[in-house]
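Here is how the chains run, residue by residue.
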Amino acid sequence: MSIFIHILKLRTVNEITVIEDGLQKTTLLSGKVEFIPFSSIVNIQTERIQGSDSYAGQITPGYFESTIFLENGKELIIDPDYDNYLEIVVAVRHNI
């Protein structure tokens, strides 16, 4: 059962690359490539996710997470787990 759950999670693992006209999202397991033009991005919103605390003190300091809102109503959530997180955020903000 555990292996099955990990395989399901792998289906959603993707890589996002900034290219001249937009973002290229590649799903790693299937190899599916999706192009998201900057012109289809309505907004980007960044929020701070609070860190975890325990009785011994703060475990994690928290992190920032950005949501890209698309004109078709879909959302793309990116966070610092992407190696190029800042590049994505800067490119989107510069081009919308």
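The present account deals with the structure reproduced in this document. Numbers given for residues are sequential positions, taken from 1 along each chain in its written order. Residue-level local features of this predicted model are given only where pLDDT is at least 70; pairs of side-chain atoms are given and counted only at 80 or more, and the full residue set underlies all totals for whole chains, interfaces and linings. Each side-chain value is derived from all of the structure's non-hydrogen atoms; neither hydrogens nor water enter the calculation.

### As for the pairing of strand S3 (residues 33–37)
Examined bridge by bridge, strand S2 (residues 22–27) and S3 share five bridges and lie antiparallel to one another. Bridging from a neighbouring strand, Leu 23 pairs with Ile 36 of S3. Any two strands with at least two DSSP-identified bridges between them are counted as paired. Here a strand is any run of E in DSSP of at least two residues, a helix any run of H or I of at least four, and the numbering for each starts at the N terminus. In this structure, the hairpin formed by S2 and S3 is closed by a connection of five residues, where Gly 31 is found at a positive phi of approximately 80°.

### A few points about the pairing of strand S7 (residues 63–70)
Bridge count between strand S4 (residues 41–49) and S7: eight bridges; the pairing is antiparallel. Considered in S7, the bridge of Thr 46 is made with Ser 66. Across four bridges, S7 lies against strand S8 (residues 75–78) in antiparallel orientation. Bridge assignment links Thr 67 to a residue of S8, and that residue is Ile 77. What sits between the antiparallel neighbours S7 and S8 is a turn of four residues, in which Gly 73 has the positive phi angle 90°.

### Digging into the environment of Val 92
By secondary structure assignment, the location of Val 92 is in helix H2 (residues 85–95). The class for Val 92 is buried, based on a relative accessible area of 0%. With 55 residues separating them in the primary sequence, Val 92 and Pro 37 have C-alpha atoms 9.9 Å apart. Setting aside chain neighbours within four positions, we find Val 92 in contact with Leu 23, Phe 38, Ile 41, Ile 44 and Ile 68. Throughout, exposure labels follow a simple rule: accessible area from a 1.4 Å probe, protein chains only, divided by the maximum for the residue type, with under 20% read as buried, over 50% as exposed, and the rest as partly exposed. Contacts were defined at the residue level, with two residues in contact if any of their heavy atoms lie within 4.5 Å.

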